[in-house]
Each structure stands twice: as C-alpha cells, then as structure tokens.
Amino acid sequence: MSKITKTEAKARIEQLRKEIDGHNYNYYVLNAPVISDFEFDIMLQELAALEKKFPEFASPDSPTQKVGSDIAQAPDQASGESKPFEFATRAHKYPMLSLGNTYSREELSEFSDRIAKSIMEPCSYSCELKFDGTAICLTYKHGRLAYAVTRGDGVKGDDVTANVLTIASIPQTLKGDSWPEEFEIRGEIYMPFEAFNRLNAERDEIDERPFANPRNAASGSLKLQDSSEVASRGLACVLYHMLGENLPFSTHSEAIAAAKSWGLPVSEHSRVVDSIEEVNRYIDYWDEARRNLPFAIDGIVIKVNRLDLQRKLGYTAKSPRWATAYKFKPDRALTRLLSIDYQVGRTGAITPVANLDPVPLSGTIVKRASLHNKDQMDLLDIRVGDYVYVEKGGEIIPKITEVELSKRPADAVVPDFPKYCPDCGAELVRDEGQAKHYCPNSNACPVQIKSGFVHFISRKAMDILAGDATIDQLYQKSYIRHLSDLYSLTKEQLLTLDGWKDKSAENLLSSLEKSKSVPFNRVFYALGIRHVGEANAKMLAARFGSIDAIKAADRDTLVQIDEVGDIMADSIIKWFADPVNLEQVEKLRAAGLKFEQETTKKVSDTLSGSIFVVSGVFSVPRDEIKGLIESHGGKTTSSVSGHTTYLVAGEAPGAEKIKKAEKLGTQIITEEQLRALVEPQA
Ligand code: IVH
C-alpha cells in the first residue's frame, strides 16, 4: 500500500466501500454471505488503513463507521422463505454498537497498552467467548420482558419479541425482586450445532438451500413470521452486556452474576483476569477447546471489567474503547479436487459433489464436499485438478471456500455442468430465480422414483417398516412404479425378494395395513411435494382439512397464508396440475389412506360469520387457538382487513396488526375473551 497515489487510493476506497456494503447486505439481510468473515475483515481492514492514510476521503457513510444493518426488508432468498417481512421497528435506547476486532496477538497487546496509558492504573479484564450468532437486545420492565429487538442498523432494529419468547431459556418474568425497575440486557441468539444439523437435514430433504452456517440459521430463524415455527428451530441465547440508568454494580462481572441470579442465561465460560498474559492463556485454551463446544464461537471478547473505567474509556462512533474481539482464523485445509459427481435428489434437484484427495481437518478426514449448485461453482471458478481450501463451519458436509489459483495445474479441466440427468438422461431445467438445476422427469427418473418411495415409507411420513434395499429390489423387479403400487403388493411377490421368508413378508404387509391409519397431515407430507416439509404439511392439513380443499385452493389463497411463499405455492399448484399425481391420490384413497383431517370436529356454530386474525403467543400453540375458532364455525385469516371481525391478541402480538386493527376499528380481544365467547359460563 505504501506506493499508492491519491487518485488510486480514492478509486480503491470507493470500490471497497461498494463491495463491503454488498457483503453487509448479503450477511445481514439475506443471511447468505458469499465470502468468509476472515475475507470480509481483511477488506474492512484495508479500507480502514486507506482512510487513515488519506483522511481527506473519510466519510461518515463509510462501512468503517457504521454497523451493518439486519433490518428485515427483503425476501429471504437464502431460505426460500420469500414472504415480505412484517416486523415493527423500534429505536434503541442506547445505540447498539459493534466491537473492534483483530486476528493478531500484537494488536491485542496494543489494545491493552492503549488502555493502560489512558487509565494509568492496573486493570482486570473479563474474557468471554465470542458467540457466533445474531445480536439481541432485551428490555425488562418491572421484572417482565417488555421487548426484544435485533441490532438492526444500530440505532433501530426489528421488534422480534414474539419469536424471542419461544426460546426456552429466556424468561418472561425474572426471579426474585432485586432487579432494577428497567434495564436492558444484550446478548446473542445462536443455534447449537445439533439443531443446526437437524434443520439443514430437513431443508435438504425438501430441496431447500441449507443455511451456510449456524449464525445465518439463527438470524434467519429469528426473522420468521410464524413463532411456532421459530419455537421448533432449537434456538439458544446467552446474555453478556447489561445497560441501564444508575445500575447498582461496579463491575461488568457483577452485573452478569446478578443477571444469572434473576434467571437470565449467561455464559459459564467467562473469566476475570488481571493481565494481558492471562488473556493470552485464555485465548490459547479456547483456540483448542472450541472444537468440543456444542455451538460455534468465532473468537474471544475482552472487556475492561470495572464499569467506571469503561465509562472513562468511552466509545468511538462504532465500538467501545473498553472492549475488543480476538478472532480465530477458521480451520481450513488445502487439498486437490479429483472429480465432481452430480447427484440427483428425491425431487430431481441436481447437487454437484466434489471428490477430494482425502485430507485431515479438525479431527476428521475430509473426502467429499458439497458444491451446492452451478452458480457456486462459477463463483469459485473451480476446475477439476485444482487445489482447493476446505472449511468446516459446524456443518455435516464441509465446504470449499476458495481455489488456490497459484497452484492451478496447466491441465486443470473446466467442469462441464451436465445438460442431461445423469440417471435418466432427461434434459435438465432451471426455474427462474432458483439456484438448482432439476431433472423434470419426476414420473420416470429411477433415482427420483426410488427416493420418492424411501421418503413415503420414512418414519415421519407413513412409517412403513422397510428400508432402501427393499425399495431397490421391489423397483428392480418392477413391482413398484407408483406409490399406490405398494398397497397391491402380494405375499407371493415379496417371497421372491432376496432372503425374504414368510415372516418378513407378513411384517411388511401388516406394516402397510397399519399405515392406512396414519393421519392426513403425514399422508400429505409423504406425497413428497417439493418445498412442502413436515411442518408445512401439518399446517396446510390443519388449515384446509382435506386434500380436496388443498387441491381446490388457488395460488392467491395459498400465498395469503403466512407460512406459504411464492415458491411453495407454485410447487403445490404444479403438483396438483399433474394428472399422474391426481390418479395416485385417487388410488391411494381407494387403498384406504386418509385424505381428510380428523381433528377439527365441529362443536358449535357460535362463531359462524365471524372472521378472526390470531397474533402473538398464547397459553397453547397458536394453531390450537385457530382450531378452537374453526371448531365453533369461525374463519381465520392471516392479515387484518375491513372484513376482520376480531383480532385475538396474545403476548407480544404483531405491532403492525394491532396498528391496523386500531385504525380500522376492529375489535381486539384476549385469549380469555375468545374462550368466553365460545364457552359461555352457565
Ligand atoms: S459485548 C458494545 N460480548 O460480537 C459491544 N459481544 O463482532 C458489546 N458477541 O456486537 C458487545 N459474543 O453481537 C460481546 N461475549 C460477547 C459476545 C459478543 C458475541 C457479538 C456481538 C457483538 C459482535 C461483534
């Protein structure tokens, strides 16, 4: 950088700002970063260094001066949850800043030298894990959670109270009575690896793009519209910074210990130390031990422990001078890309998978890595024979993050993304706005048919006692081609399978018989409609009550539902437009499978003619409240309009819904008032 001219610096600064703003958008809004944190930090450091050297180009709008914004305003393309977001924004009482960070021990020593020079007395530090999640600010008033707001742009954030209330470790009311009347406590919402791997496996099953890492999964989940779906995502929380007027503490660690005594979740790994040498030992320890944690951390946070010293040191525009983060470089390994396989998924999605020269990485030998789709391959500019970096971010499958271009062999081959299905030869298609290529031959592509059967019989679907190998044999012998064929299998046919005896044949037949009593929501899930996972199948079954009602729903009706985005609606419409699928429904119905929901029994007509919108958190799951309304003849819809009779508001209802109801003069009632309407006291 020493030789750079003023004109060159100006151009580079502008270019970096533009690129960094783009990456901030990918990270905070889309939850789909395309570069690693490390690469991002390097770009930001270069920009900061240039701005320091050429102060005439400094600007308050520079990303070095601002906190990236997570305010939800755009469809979440990463998750396919493509409904516009609907959160009220709330201003932060105290700005929500970021932390300075470094990857170098020398810079860490400089941080402590700066502090020593400024405060002129010995100083203890609180050393803490740097949780890799999404920041949250909780406000407690009179011992009750008043609201939970995301960082947003640092000045205002999204009010996600209803979603935060679904996180088991966050108390709605505090223990004891020694808490201040009003205070804020900030922390991180994160997703432990176990929940993350489970969520991605589910997404993979319905061909939805997996989240890149637990942090994106956490922030994506926190921004879901449906709190009951948030509840199922296994989010966790840790709180690490208390703020308020005249708080009765002299150190940060005392404040956190008090928070713990009120029942708030805090980290058990924080330590107060007296020197930078001890800080370094803490870092050394966690640089190794982090591999055994059940959640992701990306570094260590070091904070001046005394609150009077924190006040003395103060803040820059972007971060406190009394704290910094030491970040760990991600573990990565360099290895060779030997070949690429193109796998066909259950719904026809093609996934390129890299075969690697086996290499050790964080305790396992890595042989394969997902390349996700063609865009990802193009972005990496990857060639067979290249040396590539593989990283693990808590995912089951490691990912290729970079190609080492300096080692590219002359004979490296540009991969040829297939034009035809590697299994059945059909021409692949790619729908607009979708990252994946698909084999459209869903009714005849052997891999798709076989995996459709494997999905159908799976535990969460029809729970039929058979495995992949049985499906394979039944298919090879041409006994099964369509799902309904399972129900006309005979004992004689089964006895022709390798190693099958009377007992095994009888077991399968009785398991098939038993599957006829599986409830409609699971039958609907078992059909394997693209983008309709277990939770959505359940929701649609509860809402419509029967397959005929779902089939009759048009696109507008479907997208009216909070949980249904354009992608899912299109997929459902397309599925019902295929005569082969309709014929299968009829054959399965004739075989005795359930195509109607049994639960919503009509109890009375008390609410007939009334239209309800249900919002917030209730004493029972929200679907139960909707079921109660429907069982008494009422209708439920998702948004407040002139037609709405009642808005039933639980804890932390959607602020926009309340506003609209107030504007339109719609009656707002509580859960108790709703119950009183249908269960009048004698
Ligand atoms: S203290 C005024 N402590 O890392 C700043 N932050 O990259 C107070 N983070 O914005 C933040 N673990 O979202 C603090 N133990 C910890 C943390 C932590 C994770 C996050 C937080 C912060 C970001 C900075």
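As a reminder, the structure under discussion sits directly above these lines.
Chemist: Provide a residue-level description of the overall build of the chain, including the pertinent values.
Modeler: Counting secondary structure elements, the chain contains 24 helices and 20 strands. Relative to the compact-globule value of 26 Å for 682 residues, the chain shows a C-alpha radius of gyration of 28 Å, a close match. The principal-axis extents of the C-alpha atoms in the chain amount to approximately 90 × 85 × 50 Å. Of all 682 residues assigned to the chain, the portion counted as buried reaches 51%. Across the chain, every contact between residues at least 6 apart in sequence was considered, and the portion connecting residues at least 24 apart equals 69%. The positive charge centre, built from 85 side chains, and the negative charge centre, built from 98, are 1 Å apart in the chain.

Chemist: Any chance you could break down the sheet that holds strand S11 (residues 323–327) for me, citing the residues and the numbers?
Modeler: On the basis of which strands lie adjacent, the open sheet formed by five strands has the order S2-S11-S10-S3-S9 and mixed pairing. Since the sheet does not close on itself, it has two edges, and those belong to strand S2 (100–102) and strand S9 (271–273), each with one partner. Pairs of neighbouring strands in the sheet enclose a mean axial angle of 30°, with direction left out of account. Relative to S11, strand S10 (residues 297–304) runs antiparallel, the two sharing five bridges. Bridge pairing in S11 links Gly 299 to Lys 327. The strands touched by helix H3 (residues 105–119) within the sheet are S2, strand S3 (125–131), S10 and S11, with S11 carrying the most contacts at an inclination of about 170°. Along the sheet face, helix H9 (residues 276–289) touches S3, S9, S10 and S11 and points at about 25° away from the line of S3.

Chemist: Please provide a residue-by-residue account of the pattern of salt bridges, values included.
Modeler: For the structure on display, the rule yields 41 salt bridges. Here Lys 327 and Asp 298 are joined by a salt bridge, their closest N and O atoms 4.0 Å apart. Of this pair, Lys 327 sits in strand S11 while Asp 298 sits in strand S10, placing them 29 residues apart in sequence. Both residues of the pair, Lys 327 and Asp 298, count as buried. The closest approach of N and O atoms between Lys 491 and Asp 502, which form a salt bridge, is 3.7 Å. Residue Lys 491 is located in helix H14 (residues 491–495), and its partner Asp 502 is located in helix H15 (residues 502–514); the two are separated by 11 residues in the primary sequence. For Lys 491, a relative accessible area of 25% corresponds to the partly exposed category.

Chemist: I'd like a rundown of the state of the cysteines, residues and numbers included.
Modeler: Enumeration according to the criterion identifies zero disulfides in this entry. Of all cysteine sulfurs, the one in Cys 127 lies closest to Cys 123, which takes part in no disulfide; the gap is 11 Å.

Chemist: Any chance you could break down helix H17 (residues 534–544) for me, citing the residues and the numbers?
Modeler: Within the sequence span of H17, burial applies to Asn 536, Ala 537, Met 539, Leu 540 and Ala 541. Contacts made by the buried residues of H17 are with helix H16 (520–526), helix H18 (547–552), helix H19 (555–560) and helix H20 (566–577). A positive backbone phi angle near 85° is found at Gly 545, which sits one or two residues after H17.

Chemist: Describe the packing of H3 against H9, and please don't skip the residues or the numbers.
Modeler: Orientation of H3 relative to H9, taken along the N-to-C sense of each, is 145°, at an axis distance of 11 Å. Pair H3 / H9 crosses with right-handed handedness. Contacts between H3 and H9 involve Arg 105, Leu 108 and Ser 112 from the first element and Ile 276, Val 279, Asn 280, Ile 283 and Asp 284 from the second. When the residues that make up the contact of H3 with H9 are grouped by side-chain class, the tally is four nonpolar, two polar and two charged.

Chemist: Explain a negative patch on the surface to me, and be specific about the residues and the numbers.
Modeler: On the surface, a cluster of negative charge is contributed by Glu 106, Glu 107, Glu 110 and Asp 113. For Asp 113, the location among the structural elements is in helix H3.

Chemist: Just give me the short version of the environment of Lys 635, but keep the residues and values in it.
Modeler: Structurally, Lys 635 is set in strand S18 (residues 635–637). The exposed category is assigned to Lys 635, whose relative accessible area is 53%. Not counting residues within four places of it along the chain, the set of residues in contact with Lys 635 comprises Ser 610, Ile 611, Phe 612 and Ile 629.

Chemist: An account of the nonpolar core is needed here, citing residue identities and associated values.
Modeler: Across soluble globular proteins, nonpolar side chains show a tendency to be buried alongside one another. By size, the foremost hydrophobic cluster in this structure holds 50 residues, and its most contacted members are Phe 456, Phe 524 and Leu 540. Leaving out residues up to four positions away in the same chain, Leu 540 has contacts with Phe 524, Val 532, Gly 545, Ile 550, Leu 558, Ile 561, Val 564, Met 568 and Ile 572. By size, the runner-up hydrophobic cluster in this structure holds 40 residues, among which are Leu 138, Ile 167, Ala 195 and Cys 237.

Chemist: Kindly report on the site of the ligand, identifying the contributing residues and their values.
Modeler: Around the ligand there are 14 residues in total, and Leu 129, Lys 130, Arg 151, Glu 188 and Tyr 240 lie nearest to it. Interatomic distance of 3.0 Å between a backbone N/O atom of Phe 131 and a nitrogen atom of the ligand. Within the complex, 91% of the 530 Å² of free accessible area of the ligand lies under protein. Elements with a minimum of two residues in the shell around the ligand: S3, strand S8 (236–243) and S10.

Chemist: Kindly report on unusual backbone geometry, identifying the contributing residues and their values.
Modeler: Look at Asp 463: it is not a glycine, yet its phi comes out positive at around 50°. With respect to the secondary-structure elements, Asp 463 resides in the loop between helix H12 (446–457) and helix H13 (468–476). For Asp 463, a relative accessible area of 37% gives the class partly exposed. Phi angles above zero are rare outside glycine, and Ser 478 is one such case at about 60°. Locating Ser 478 in the fold gives a position in the loop between H13 and H14.

Chemist: Pulling in residues and values, what's your account of the sheet that holds strand S19 (residues 646–649)?
Modeler: What the four strands build is an open sheet, ordered S18-S17-S19-S20; its pairing is parallel. The two strands at the open ends of the sheet, each matched to only one other strand, are S18 and strand S20 (667–669). Across this sheet, the average inter-strand angle for adjacent strands is 35°, counted without regard to direction. Summarising the sheet, S19 and S20 pair through three bridges and their orientation is parallel. Note that in S20 the partner of Val 648 across the bridge is Ile 669. The sheet contacts of helix H22 (residues 622–631) involve strand S17 (611–615), S18 and S19, and relative to S17 the element is tilted by about 165°. With respect to the sheet, helix H23 (residues 655–664) is in contact with S17, S19 and S20, its orientation differing from that of S19 by roughly 145°.

Chemist: With reference to specific residues and values, describe H12.
Modeler: Owing to its 3.6 residues per turn, the α-helix brings residues three or four apart onto one side. Across its 12 residues, H12 extends 17 Å between first and last C-alpha, which sits within 8% of the 16 Å expected from 1.5 Å per residue. Listed as buried for H12 are Gln 448, Ile 449, Ser 451, Gly 452, Phe 453, His 455, Phe 456 and Ile 457.

Chemist: Give a description of the packing of H12 against H13 that names residues and reports values.
Modeler: Where H12 meets H13, the axes come as close as 10 Å, and the angle between the chain directions of the two elements is 135°. Between H12 and H13, the angle falls in the class oblique. Considering only the axes of H12 and H13, their crossing is right-handed. On H13, the residues touching Pro 446, Ile 449, Lys 450, Phe 453, Val 454 and Ile 457 of H12 are Asp 468, Ile 471, Asp 472, Tyr 475 and Gln 476. Taken together, the residues of the contact of H12 with H13 sort by class into seven nonpolar, one polar and three charged.

Chemist: Talk me through the packing of aromatic side chains; I want residue IDs and the actual numbers.
Modeler: Under the definition given, this model contains 18 aromatic pairs. Plain terms: the ring middles of Tyr 315 and Trp 322 are 6.0 Å apart, the flat faces sit at 85° to each other, and that makes the pair edge-to-face. Looking at Trp 322, the relative accessible area reads 4%, which means it is buried. Pairwise contacts between aromatic rings join Tyr 140, Phe 183, Phe 249 and Trp 262 into one cluster.

Thresholds applied
Residues numbered from 1 in each chain as written. Predicted model: local features only at pLDDT ≥ 70, side-chain atom pairs only at ≥ 80, totals over all residues. Heavy atoms only, no water. Helix = DSSP H or I, 4+ residues; strand = E, 2+ residues; numbered from the N terminus. Rg over C-alpha atoms; globule rule 2.2 N^0.38 Å. Buried < 20%, exposed > 50% of the residue type's maximum accessible area, 1.4 Å probe, protein only. Contact = heavy atoms within 4.5 Å. Lys, Arg positive; Asp, Glu negative; His and termini not counted. Charge placed at Lys NZ, Arg CZ, Asp CG, Glu CD. Pairing = 2+ DSSP bridges. Axes fitted to C-alpha atoms, helices over the stretch in contact; angles between N-to-C directions. Salt bridge = Lys/Arg side-chain N within 4 Å of Asp/Glu carboxyl O. Disulfide = S-S within 2.5 Å. Left-handed = near helix turned anticlockwise from the far one by under 90°. Nonpolar A, V, L, I, M, F, W, Y, C, P; charged D, E, K, R; others polar. Patch = residues over 30% accessible without salt bridge, like charges linked within 9 Å, V, L, I, M, F, W, Y side chains within 5 Å. Areas by Shrake-Rupley, 256 points an atom, 1.4 Å probe, with all protein chains shown as cover. Core = buried A, V, L, I, M, F, W, Y, C linked by side-chain atoms within 4.5 Å. Near = heavy atom within 4 Å. Polar contact = N/O pair within 3.5 Å; in protein donor to acceptor, adjacent residues only side chain to side chain. Expected span 1.5 Å × (residues − 1). Parallel < 35°, antiparallel > 145°, perpendicular 65-115°, else oblique. Phe/Tyr/Trp six-rings, centres within 6.5 Å; stacked < 30°, edge-to-face > 60°.

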